[in-house]
Amino acid sequence: MSTTSPLEYVQALYNGHSAIAERVNPAHIQDIHIETSLDTRLKQWISEYKDIIITGSPGDGKTHLINVLDSQGVFKDYHVERDASQRNANDIVELLLDTKRQGIPFILAVNHAPLRHLSALSNSIESSELSYLSNIPATINNQIVYNKTGPNLL
């Protein structure tokens, strides 16, 4: 149980140290989360036991989102890899193949560049279990970036 008051917690966010996903006190994880339609979609995919890859740039909130969902207990049947960007691409591919062969779905958080490495490796894998990884470069290249403000945007 956290002994930090809400005011002290918000003050600690000021310099950013406490806001980094790996440093957020689990007692405050829900306090700083704003639920979006992505939460709903992820929960749907999890209920369907789909493999999930969350990608983006460093600091986009991939690990935070996984931590929030994990605190809600939704990953009980999943292998969770919070930051695949910190691991060797060959090791990640082997891990993914192993989980697939065991029938365990996975959720993977990874930055774009390491994800491209995984995609390149998937082309050399004889197994079709991860063949969908080969579509990743096209998906990343065709992403939509919203950078205009509007009446419903902050």
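Residues numbered from 1 in each chain as written. Predicted model: local features only at pLDDT ≥ 70, side-chain atom pairs only at ≥ 80, totals over all residues. Heavy atoms only, no water.

Applying the stated criterion across every chain yields a total of four salt bridges. In this structure, the salt-bridge partner of Lys100 is Asp51, at a minimum N-O distance of 2.7 Å. Of the two residues, Lys100 sits in helix 4 (residues 89-102) while Asp51 sits in the loop between helix 2 (37-47) and strand 1 (52-56), which places them 49 residues apart along the sequence. Using a relative accessible area of 23% as the deciding quantity, one classes Asp51 as partly exposed. Notably, a salt bridge pairs Glu81 with Arg87, separated by 3.0 Å at the nearest N-O pair. (Salt bridge = Lys/Arg side-chain N within 4 Å of Asp/Glu carboxyl O. Helix = DSSP H or I, 4+ residues; strand = E, 2+ residues; numbered from the N terminus. Buried < 20%, exposed > 50% of the residue type's maximum accessible area, 1.4 Å probe, protein only.)

Moving on: the nonpolar core. In this structure, Ile92, Leu96, Leu108, Leu115, Leu118 and Leu130 are the most contacted members of the largest nonpolar core, which totals 15 residues. Per-element tally for this core: the top contributor is helix 4, with five residues. For Leu118, the residues in contact, after removing those within four places along its chain, are Ala89, Ile92, Val93, Leu108 and Leu133. Of all hydrophobic cores here, the second largest spans eleven residues; its members include Ile52, Ile54, Leu69 and Tyr78. (Core = buried A, V, L, I, M, F, W, Y, C linked by side-chain atoms within 4.5 Å. Contact = heavy atoms within 4.5 Å.)

Moving on to the sheet that holds strand 1. With parallel pairing, the three strands of this open sheet are ordered in space as 1-3-2. Each of the sheet's edge strands pairs with one partner strand only, and the pair in question is strand 1 and strand 2 (79-81). Averaged over all pairs of adjacent strands, the angle between their axes in this sheet comes to 10°, without regard to strand direction. Strand direction decides the pairing type here: strand 2 and strand 3 (residues 106-111), joined by three bridges, are parallel. Along strand 3, the bridge assignment pairs Val80 with Ile107. Against the sheet, helix 4 touches strand 2 and strand 3, its axis set at about 165° to strand 3. (Pairing = 2+ DSSP bridges. Axes fitted to C-alpha atoms, helices over the stretch in contact; angles between N-to-C directions.)

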